[in-house]
Amino acid sequence: MNTFTLLIAALIAIACTPNSTGQTGQKSGSKPVSIYSTSTGKATPMNRIEKTDDEWRKELSEDEFRIARKKGTERAFTGKYWNHHEDGLYLCRCCGTELFPSATKFESGSGWPSFYDPVSKANVGLVEDNSLMMERTEVTCARCGAHLGHVFDDGPKPTGLRYCINSASLDFKKRK
Ligand code: FE
């Protein structure tokens, strides 16, 4: 086989490979993911949460839907958590997954809630984002895919990371 034939064969193989978008009727429960919980102290396999836009719209405000489900960004210094200092856990607004402990929240001056470490790396997804002519890393909820914000490498010790997160993608659970 020459290179051209190999290339064509490879393209056909790729085109014929089933993928998530090619499977119809996939809903919650189709793809397991491991999510860490601070109450059990371990990661547990659970089903990913997949909902339609209409289903998310019923559970979220207009701003929350635009930001968490459609990769929007709230204006700096306008969200409910950028200047929030209570002791507890920040959760995914969409699915309740534990995302960031308040102990890792710091004053970044950016106007968005900023954290240097998630509850567990298992609970967040990192996705290359080249939109808006910038090379950034998007942060998502590992369980429901919610857009949370972006992570940058100009954060404080010990990680040196700055997870810059939209308040609209978060809920807060106060420590009892
Ligand atoms: Fe989530």
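Quick caveat: nothing in here was measured; it's all calculated off a predicted structure. (Residues numbered from 1 in each chain as written. Predicted model: local features only at pLDDT ≥ 70, side-chain atom pairs only at ≥ 80, totals over all residues. Heavy atoms only, no water.)

A. The environment of H85, seen in detail. Within the element layout of this structure, H85 appears in the loop between α3 (62–69) and β3 (88–92). Judged by relative accessible area, which is 55%, H85 ranks as exposed. Remark: the alpha-carbon pair of H85 and S102, spanning 17 residues in sequence, is separated by 7.5 Å. At 2.8 Å, the side chain of H85 forms a polar contact with the side chain of E107. (Helix = DSSP H or I, 4+ residues; strand = E, 2+ residues; numbered from the N terminus. Buried < 20%, exposed > 50% of the residue type's maximum accessible area, 1.4 Å probe, protein only. Polar contact = N/O pair within 3.5 Å; in protein donor to acceptor, adjacent residues only side chain to side chain.)

B. Structural context of the sheet that holds β3. An order of β4-β3-β11 is seen for the three strands of this open sheet, with the pairing classed as antiparallel. In this open sheet, the two strands that pair with only one neighbour each are β4 (98–101) and β11 (170–174). Strand after strand, the sheet turns through a mean of 30° between neighbouring axes, direction not considered. Here β3 runs beside β11; their pairing, made up of five bridges, is antiparallel. Bridging across to β11, G88 finds its partner in K174. (Pairing = 2+ DSSP bridges. Axes fitted to C-alpha atoms, helices over the stretch in contact; angles between N-to-C directions.)

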